[in-house]
Amino acid sequence: MAPAAPVNQEIGGPTAATAGAFEPCAWGDFFVTYTPPLSRRSEKQMKERMDHLKLELRRMFEAGTGTSTADTVTLVDTLERLGIDNHFREEINTALRRVHNDNLESYHDLHIVALRFRLLRQHGFWVSADVFDKFKDHTGRFCPDLTSCDSRSLLSLYSAAHMATPGEEVLDEAISFSKRHLESMRGKLKSPMADQVSRALDIPLPRFPKRLETMHYIAEYEQEAAHNASLLELARLEFNLARSCHLKELRDLTLWWKDLYHNVKLSYARDRLVENYFWTCCVFHEEEYSRARMMFAKTFGLLSLMDDTYDVYATLEECHQLNEAIQR
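In what follows, the accompanying structure is described. (Residues numbered from 1 in each chain as written. Predicted model: local features only at pLDDT ≥ 70, side-chain atom pairs only at ≥ 80, totals over all residues. Heavy atoms only, no water.)

A few points about a nonpolar patch on the surface
Thought 1: Taken together, the side chains of Trp 279, Val 283, Met 295 and Phe 296 define a hydrophobic patch exposed on the protein surface, amounting to about 400 Å² of accessible area.
Thought 2: Put simply, the parts of the chain that give the nonpolar patch at least two residues each are helix H11 (273–283) and helix H12 (290–313).
Thought 3: Trp 279 sits in the partly exposed class, given a relative accessible area of 45%. (Patch = residues over 30% accessible without salt bridge, like charges linked within 9 Å, V, L, I, M, F, W, Y side chains within 5 Å. Areas by Shrake-Rupley, 256 points an atom, 1.4 Å probe, with all protein chains shown as cover. Salt bridge = Lys/Arg side-chain N within 4 Å of Asp/Glu carboxyl O. Helix = DSSP H or I, 4+ residues; strand = E, 2+ residues; numbered from the N terminus. Buried < 20%, exposed > 50% of the residue type's maximum accessible area, 1.4 Å probe, protein only.)

Some words on the packing of aromatic side chains
Thought 1: One pass over the structure, following the stated rule, counts 15 aromatic pairs.
Thought 2: Their ring planes at 90° and their centres at 5.0 Å tell us that Phe 30 and Phe 31 sit as a pair that is edge-to-face.
Thought 3: Ring plane angle 25° and centroid distance 5.5 Å describe the contact between Phe 142 and Phe 177, whose orientation is recorded as stacked. Of this pair, Phe 142 sits in the loop between helix H5 (110–122) and helix H6 (151–161) while Phe 177 sits in helix H7 (residues 169–185); the two residues are 35 residues apart in sequence, bridging distant segments of the chain. The same class applies to Phe 142 and to Phe 177, which are both buried.
Thought 4: Ring pairs connect the aromatic residues Trp 279, Phe 284, Tyr 289, Phe 296 and Phe 300, which therefore count as one cluster. (Phe/Tyr/Trp six-rings, centres within 6.5 Å; stacked < 30°, edge-to-face > 60°.)

With respect to the side chain of Glu 238
Thought 1: Within the secondary structure, Glu 238 sits in helix H10 (residues 229–263).
Thought 2: We note that Glu 238 is buried and unpaired, the nearest opposite charge coming from Arg 211 at a distance of 5.4 Å.
Thought 3: Discounting chain neighbours no more than four positions away, the residues touching Glu 238 are Met 50, Gly 83, Ile 84, Asn 86 and His 87. (Lys, Arg positive; Asp, Glu negative; His and termini not counted. Contact = heavy atoms within 4.5 Å.)

A look at the pattern of salt bridges
Thought 1: Summed over all chains, the structure comprises 21 salt bridges.
Thought 2: The salt bridge involving Lys 210 is made with Asp 85; its shortest N-O contact spans 2.7 Å. One end of the pair, Lys 210, is in helix H9 (residues 210–222); the other, Asp 85, is in the loop between helix H3 (69–81) and helix H4 (89–101), and 125 residues separate them in sequence.
Thought 3: In this structure Asp 85 comes out as buried when scored by relative accessible area, which is 13%.
Thought 4: One salt bridge connects Asp 133 with Lys 136, and the closest N-O pair in it is separated by 3.9 Å.
Thought 5: The structure contains a network of salt bridges with shared partners spanning Asp 77, Arg 81, Arg 118, Arg 199, Glu 213 and Glu 220.

Quick word on the packing of H11 against H12
Packed helices, taken two at a time, are described by the angle between their axes plus the distance between the axes.
Thought 1: For the pair H11 and H12, the least separation of the axes is 9 Å and the interaxial angle reads 135°. Judged by the inter-axis angle, H11 sits oblique to H12. Between H11 and H12 the crossing geometry is right-handed. Packed against H11, whose contacting residues are Leu 273, Asn 276, Tyr 277, Trp 279, Thr 280 and Cys 281, the element H12 presents Arg 293, Phe 296, Ala 297, Phe 300 and Gly 301 at the interface. (Axes fitted to C-alpha atoms, helices over the stretch in contact; angles between N-to-C directions. Parallel < 35°, antiparallel > 145°, perpendicular 65-115°, else oblique. Left-handed = near helix turned anticlockwise from the far one by under 90°.)

In structure tokens:
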């Protein structure tokens, strides 16, 4: 919230202390005038190629109904981090129901156990934190031998533990244990693992904006020796098409806001529509939610305007008058 205006301010406008209290918008007319680099393929060609790749990958799901839990959770995690899971929601739910019913007793791979735990909880399947008991010693603490595990396993444990519910002390301990050892590895890891660890320690994966994770992970996944070329191509096509859609929306929103903000002379308020739009992309970035993004961005822009009107512009008496007008 911005600093409140003095209650004894004269009616009729802002004081010198409150007028122009916010930094001007850093974007200006950027999204109105911006022309993205020309693509070698039209949007129609890109969508046709996407449809072909999706059909190919659905066949992969069907052929993999008998695959191991490890392969299944690895595939689902890859789809989600590449930002293409929205095309395979039904297949993912079916696969995770199967994984949820599988017996995990034979798995002693910390990475797979932790990855399975995180994915199932993220998708609403209850999994007990007891699955991590096998990685504890006789004192009830995580085995010191785990420190010799690869960074991927510790990172998976760290991410999974952030799916904790209140009172799950074993997961609180897992966060402390894995964080301590991941921090000790900093400076020793190579890219892309070094980048993934650094991001997670800053903001854990379950809380990290999905769109930003996709932007990073597409480049990182390409560096993996066993990456799937079809998945990577689909992710790039999806990312580029969504970005094109977002740029068009930002252009329309900028023109709408410019007309409202400048023509109605609202220079006392924050000019932060792009930041509001960015928040909506973190909630739902897919192309089919275009209308929802536009509605949310406009709504939050108007709410921000109202907030600044009350906080830094209107007098107390004017606030009462505005409130009465709104109530009517």
